[in-house]
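Observations on chain architecture
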Amino acid sequence: MGEARLANKVAVITGGGNGIGRATALRFSEEGASVVVADIQEDKAAETSQMIADTGGQAASIRVDVTSGADNEKMADLAVDSFGGLDCLVTAAGVSHANYVSGDIEPDIKNIVTNRADYLDRPGWEFVEGDPEEFDKVLAVNLKGTLLGMQACVARMLESETKGSVVTVASIAAKHPDAGPVAYTTSKAGVWMLTKKVARMLGPVGIRVNCIGPGFINTHMTAVIDLMDETETAEFNNMIPLGRRGEPIEIANAALFLCSDESSYFTGEILHPDGGFFTE
Ligand SMILES: NC(=O)c1ccc[n+]([C@@H]2O[C@H](COP(=O)([O-])OP(=O)(O)OC[C@H]3O[C@@H](n4cnc5c(N)ncnc54)[C@H](O)[C@@H]3O)[C@@H](O)[C@H]2O)c1
């Protein structure tokens, strides 16, 4: 067996309490990384950390609201204080709409299913009547949260002259307007541009910055899809050439590639693990 792909590396994962972030934390630990698991759901972050400890890995967890600069600073400090450095950041914290709470499907039903149905016979008004404050909230978590996480963690990399790797999580919604509500798609397009911009700014110091734009992945965020009837589910799956939603581990593996030295010539790039959605 070769050496673990993230041996001696320290990784910070936002949104590490659930879904893609949790799968990434576990996968990185398997490959030898020490992991800081950050999430607004403190108990879920602690649970991920415990799962890592149970398999003999190294992890620490912390409650972080990614919209807070101070929280992001504490998260970066925890990596350096607990594990002596900071090599990788994966920004997997995110919301699909302003009232999103990971693991609680009720607000999803209201925001995504009921609201949309209300506008079926009033085309155009869903856009005009959209609440700008809800727009701010989604942008604050998905876009500004990504910026703040990068600023805090990259500062530690610069201080220690670490040629680290940053992986942001956008979505196919960064490029495809049908893959989410207006604030979500706009925020993800922003994450993708932010990634490209920061990659160019940090290239000269050898810090790589890449993005993952997943298709539809089996997490709390897409649980609402399971409420569709059989015919609708079949139609949905037929949109995807591989005929199914992806699993969080399939995104974690892409993050692993982007954080390992195997991707040493990638920066400012986006990978789309999406079952072929874009190739239709
Ligand atoms: N599931 C999909 O189909 C899919 C597709 C494309 C992109 N994504 C993106 O992947 C990322 C992870 O989503 P997921 O599908 O694993 O959903 P998830 O709900 O399982 O995970 C999201 C995590 O982010 C945390 N979070 C939310 N707001 C936060 C905040 N303010 N501060 C800190 N943590 C916060 C949640 O508590 C949760 O643990 C998100 O950015 C999402 O937009 C998901």
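The written sequence of each chain sets the order in which its residues are numbered from 1. Under the rules for a predicted model, residues below a pLDDT of 70 receive no local features and side-chain atom pairs below 80 are neither given nor counted, while totals for whole chains, interfaces and linings still include all residues.

Here we come to the overall build of the protein chain. What the protein chain contains, in helices and strands, is 9 helices and 7 strands. As a reference, a globule follows 2.2 Å times the number of residues to the power 0.38, and the radius of gyration itself is taken over C-alpha atoms. Its C-alpha atoms give the protein chain a radius of gyration of 18 Å, near enough to 19 Å, the size a compact globule of 280 residues would have. Exposed residues have 12 or fewer other C-beta atoms within 10 Å of their own C-beta, buried residues have 20 or more, and partly exposed residues fall in between, where C-beta atoms are placed from the backbone. A total of 280 residues make up the protein chain; the buried ones form 46% of that total. Counting only contacts in the protein chain whose residues sit at least 6 apart along the sequence, the fraction spanning at least 24 positions is 73%. Comment: elements are numbered from the N terminus, with helices defined as DSSP H or I runs of at least four residues and strands as E runs of at least two. Distance between backbone-placed C-beta atoms decides contact: two residues are in contact if it is within 7 Å.

Structurally, Phe 277 can be placed in the segment after strand 7 (270-271). Taking the number of C-beta atoms within 10 Å as the measure of exposure, Phe 277 has 20 and is therefore buried. Here the alpha-carbon distance between Phe 277 and Leu 78, two residues 199 residues apart in the chain, equals 38 Å. Excluding residues that lie within four positions of it along the chain, Phe 277 makes contacts with Ile 172, Gly 215 and Ile 240.

This paragraph deals with the site of the ligand. The environment of the ligand is formed by 31 residues, the closest being Gly 15, Gly 19, Gly 94, Ser 102 and Thr 219. Those elements that provide at least two residues to the shell around the ligand are helix 1 (19-30) and helix 6 (132-159). Looking at the shell around the ligand element by element, the count peaks at 3 residues for helix 1. When the residues that make up the shell around the ligand are grouped by side-chain class, the tally is 13 nonpolar, 15 polar and 3 charged. For each residue, a C-beta atom is placed from the backbone, and the residue counts as near a molecule or strand when that atom lies within 6 Å of it. Note that Gly is not counted as nonpolar here; it falls among the polar residues with everything else outside the nonpolar set of Ala, Val, Leu, Ile, Met, Phe, Trp, Tyr, Cys and Pro and the charged set of Asp, Glu, Lys and Arg.

Moving on: the packing of helix 3 (residues 69-83) against helix 6. All axes are obtained by fitting lines to C-alpha atoms, using only the stretch in contact for helices, and the reported angles, taken between N-to-C directions, cover 0 to 180 degrees. For the pair helix 3 and helix 6, the least separation of the axes is 9 Å and the interaxial angle reads 35°. Along this stretch, helix 3 crosses helix 6, giving a crossing that reads as right-handed. Along the contact surface, helix 3 presents Gly 69, Asn 72, Glu 73, Met 75, Ala 76, Ala 79 and Val 80, while helix 6 presents Leu 148, Gly 149, Ala 152, Cys 153, Ala 155 and Arg 156. A crossing counts as left-handed when the near helix is turned anticlockwise from the far one by less than a right angle, and as right-handed when that turn is clockwise.

This next bit is on the sheet that holds strand 1 (residues 10-14). Strands belonging to one sheet form pairs held by backbone hydrogen bonds; the direction of such a pair is parallel or antiparallel. As summarised here, the arrangement of the 7 strands in space is 3-2-1-4-5-6-7, forming an open sheet in which the pairing is parallel. In this open sheet, the two edge strands, each paired with only one partner strand, are strand 3 (59-63) and strand 7. Two strands qualify as a pair provided DSSP detects at least 2 bridges between them. In this structure, strand 4 (residues 88-91) lies alongside strand 5 (residues 165-169), joined through 4 bridges in parallel fashion. Looking across to strand 5, one finds that Thr 91 is bridged to Thr 168. Seen against the sheet, helix 2 (residues 42-54) touches strand 2 (34-39) and strand 3 and runs at an angle of roughly 180° to strand 3.

Our focus in this paragraph is the nonpolar core. The nonpolar side chains of a soluble globular protein tend to be buried with one another. Ranked by size, the top nonpolar core spans 72 residues in total, and within it Ala 11, Val 12, Val 35 and Ala 255 carry the most contacts. In terms of residues, this core owes the most to one element, helix 6, which gives 9 residues. Each residue touching Val 12, except ones within four places of it in the same chain, is listed here: Val 36, Ala 38, Met 75, Ala 76, Ala 79, Leu 86, Leu 89 and Cys 153. In this usage, the nonpolar core is the set of buried Ala, Val, Leu, Ile, Met, Phe, Trp, Tyr and Cys residues whose C-beta atoms join them within 7 Å.

Since one α-helical turn is 3.6 residues long, residues separated by three or four positions face the same way. Expected helix span is computed as 1.5 Å times (number of residues minus one). The end-to-end C-alpha separation of helix 7 (residues 182-202) is 30 Å, in line with the 30 Å expected for 21 residues at 1.5 Å each. Taken as a whole, helix 7 has its buried residues at Ala 183, Tyr 184, Thr 185, Ser 187, Lys 188, Val 191, Leu 194, Thr 195, Val 198, Ala 199 and Leu 202. Buried residues belonging to helix 7 abut helix 6, strand 5 and strand 6 (208-212).

A separate point is the packing of helix 6 against helix 7. Put simply, helix 6 and helix 7 touch, their axes get as near as 9 Å, and they point 20° apart. As the angle between them shows, helix 6 and helix 7 are arranged roughly parallel. Crossing of helix 6 over helix 7 shows right-handed handedness. Contacts between helix 6 and helix 7 involve Glu 134, Phe 135, Val 138, Leu 139, Asn 142, Leu 143, Thr 146, Leu 147, Met 150 and Val 154 from the former and Ala 183, Tyr 184, Ser 187, Lys 188, Gly 190, Val 191, Leu 194, Val 198 and Leu 202 from the latter. Split into classes, the residues belonging to the contact of helix 6 with helix 7 amount to 13 nonpolar, 4 polar and 2 charged. For this classification, under 35 degrees means roughly parallel, over 145 means roughly antiparallel, 65 to 115 means roughly perpendicular, and everything else is oblique.

Further remarks concern the environment of Asn 72. As for its position among the elements, Asn 72 is in helix 3. Accessibility expressed as a C-beta count within 10 Å gives 26 for Asn 72, which makes it buried. On a C-alpha basis, the gap between Asn 72 and Tyr 100 in space is 21 Å, while along the polypeptide they are 28 residues apart. Beyond its immediate sequence surroundings of up to four residues, Asn 72 is in contact with Val 64, Val 66, Leu 148, Gly 149 and Ala 152.

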